[in-house]
Amino acid sequence: MVMGASGSKLEKALGDQFPEGERYFGLENFGNTCYCNSVLQALYFCIPFREQLLEYYANNKKQGDLEENLLTCLADLFTQISSQKKKTGVIAPKRFVQRVKKENELFRGYMHQDAHEFLIFLLNELVDILERESKAAEGSLGPPTPSEMLNNGQVWPQANGVHKEALVTWVHKSFQGILTNETRCLRCETVTAREETFFDLSLDIEQNSSITSCLKNFSSTETLNAEDKFFCDKCCSLQEAQKRMKIKKPPSILVIHLKRFKYMEQLGRYKKLSYRVVFPMELKLNNTVDATDMEYSLFAVVVHVGIGPNHGHYISLVKSHDHWLFFDDENAEMIDESTVQTFFGSAQEFTSNTDHGYILFYESISARR
Ligand SMILES: [Zn+2]
């Protein structure tokens, strides 16, 4: 197969600069599983996530009580890649893909799937597994810990899910941020703030724009009026209000999803927006509650290739040890950093360039230092 050749090409291209201990493996496609492969590569090169996953697996495997689930399948795949003798090659993520299909019927067919939907499904599933494990561990520990006691010494009911001092897992530590949704009643000026957690920000996009302007729109003030009024607790009635979203706690890994697939009511179907949206290598996030700038650095991009939402292909661009690499299922190649800008999108509607940045992965620079 050609892939072996492309692997050694990458090895040659990196030569002496091949990062010590790093492995670059393409992933076999099992029939339209590029949505999965592209996300797996981005996650593999998300170093804090990879390290914690490998550590989790190494620690728990010793105890020998791991039943197969999506988390163990993913950990097993990452362990396989990182422990390869060869520096480059191809791996078949067969067990992981089978597990995905088993867990979620949405991904069972051979249809083209949405990489963003898959990423969010995967992160939520990992969190669920870790939470179940932590609960099971708590249950087998005997006497309840103080946090499990009510004031009168009663144990929190475990089964009905009331007991929830939201567990912060290592998946949360990497990806979770907190948004504040502020609503100001225009009659009494009372501000109601509601917090929401997120694993990613889904941004509306415009032609010839940038991530910074999309983020600005995301946090811009929206007026709630007419049909859309807000129930103010103080006024005890529906009132006009102003609403805006701000980032209260920026995540350490910021995942940005560009809403390129838009439902067109006139057409009665989804359409892909090929808009040119510039994403910088270094991003300043300034729509935070305390107005401090958070700085991020781009390390992976999942790219959608194709003209429509129901057909197409996914590839990923990944930054590793200051080199940019391009993963297209089995193939891995080195690319120039300047090539990344060819994935911003198209300034005209009809163009031959159909490869567009779809999910962006930024890591906080401040967290790394
Ligand atoms: Zn009010």
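One can find the structure itself at the top, above this paragraph.
Since this is a predicted model, take the numbers as computed values, not measurements. What you see as residue numbers is a count from 1 along each chain, following the sequence as written. Owing to the predicted nature of the model, reporting of local features is limited to residues with pLDDT of at least 70; listing and counting of side-chain atom pairs is limited to 80 or more, with chain, interface and lining totals taken over all residues.

K.L.:
I'd like to hear about the pairing of strand β19 (residues 331-335), residue by residue, with values.
P.N.:
With 5 bridges joining them, strand β18 (residues 323-328) and β19 adopt antiparallel strand pairing. When the bridges of β19 are listed, Trp324 appears paired with Ile335. Pairing between strands requires that DSSP locate at least two bridges from one strand to the other. To qualify as a helix, a DSSP run of H or I must reach at least 4 residues; to qualify as a strand, a run of E must reach at least 2; elements of each kind are numbered from the N terminus. Joining the antiparallel neighbours β18 and β19 is a turn of 2 residues, in which Asp329 adopts a positive phi near 45°.

K.L.:
Hey, could you go over unusual backbone geometry for me, with residue numbers and the actual values?
P.N.:
Backbone geometry at Ala226 places phi at a positive 50°, although glycine is not the residue there. Of note, Ala226 is situated in the loop between β7 (222-224) and β8 (230-232). For His321, which is not glycine, the phi torsion reads 50° and is therefore positive. Position of His321 among the secondary structure elements: in the loop between β17 (313-320) and β18.

K.L.:
Could you give an account of the environment of Ala115, with specific residues and numbers?
P.N.:
With respect to the secondary-structure elements, Ala115 resides in helix α6 (residues 115-139). Along the chain, Ala115 and His304 lie 189 residues apart, while their C-alpha atoms are 8.6 Å from each other. Any residue pair is listed as a contact if its two C-beta atoms, each placed from the backbone, are within 7 Å. Setting aside chain neighbours within four positions, we find Ala115 in contact with Tyr35, Ser38, Val39, Val302, Tyr314, Tyr358 and Ile359.

K.L.:
Residue-level account of the packing of helix α4 (residues 70-82) against helix α5 (residues 94-103), with values.
P.N.:
Between the N-to-C directions of two axes lies an angle of 0 to 180 degrees, each axis being a line fitted to C-alpha atoms and, for a helix, fitted only over the stretch in contact. At a minimum axis separation of 9 Å, α4 and α5 run at an interaxial angle of 165°. By the angle between their directions, the pair α4 and α5 is classed as roughly antiparallel. Considering the relative orientation of α4 and α5, their crossing is left-handed. Contacts between α4 and α5 involve Leu70, Cys73, Leu74, Asp76 and Leu77 on the former and, on the latter, Arg95, Phe96, Arg99, Val100 and Glu103. A breakdown of the residues in the contact of α4 with α5 according to their chemical character gives 6 nonpolar, no polar and 4 charged. Roughly parallel refers to an angle under 35 degrees, roughly antiparallel to one over 145, roughly perpendicular to one between 65 and 115, and oblique to any angle outside these ranges. Take the far helix as your reference; a near helix turned counterclockwise from it by less than a right angle gives a left-handed crossing, and one turned clockwise gives a right-handed crossing. Residues are grouped as follows: Ala, Val, Leu, Ile, Met, Phe, Trp, Tyr, Cys and Pro are nonpolar; Asp, Glu, Lys and Arg are charged; all remaining types, including Gly, are polar.

K.L.:
Lay out α4 with the relevant residues and their values.
P.N.:
Under the convention used throughout, the expected extent of a helix is 1.5 Å for every residue step, that is, one less than its residue count. Between the first and last C-alpha of α4 there are 18 Å, a value that for 13 residues agrees with the 18 Å anticipated at 1.5 Å per step. With C-beta atoms placed from the backbone, the exposure class of a residue follows from how many other C-beta atoms lie within 10 Å of its own: 20 or more, buried; 12 or fewer, exposed; in between, partly exposed. Every buried residue of α4 is accounted for by Leu71, Cys73, Leu74, Ala75, Leu77 and Phe78. Here the buried face of α4 lies against α2 (34-44), α3 (47-63), α5 and α6.

K.L.:
An account of the sheet that holds strand β3 (residues 177-185) is needed here, citing residue identities and associated values.
P.N.:
As a general point, the strands of a sheet are linked pairwise by backbone hydrogen bonds and lie either parallel or antiparallel. Reading across from one edge, β4-β3-β10-β7 is the order of the 4 strands in this open sheet, with antiparallel pairing throughout. With partners counted over all chains shown, the strands left at the sheet margins are β4 (191-198) and β7, one partner each. Going across the sheet, the axis of each strand differs from the next one's by a mean of 30°, ignoring polarity. Sheet topology note: the β3/β4 ladder contains 8 bridges and is antiparallel. The residue bridging Gly177 from the neighbouring strand is Phe198, located in β4.

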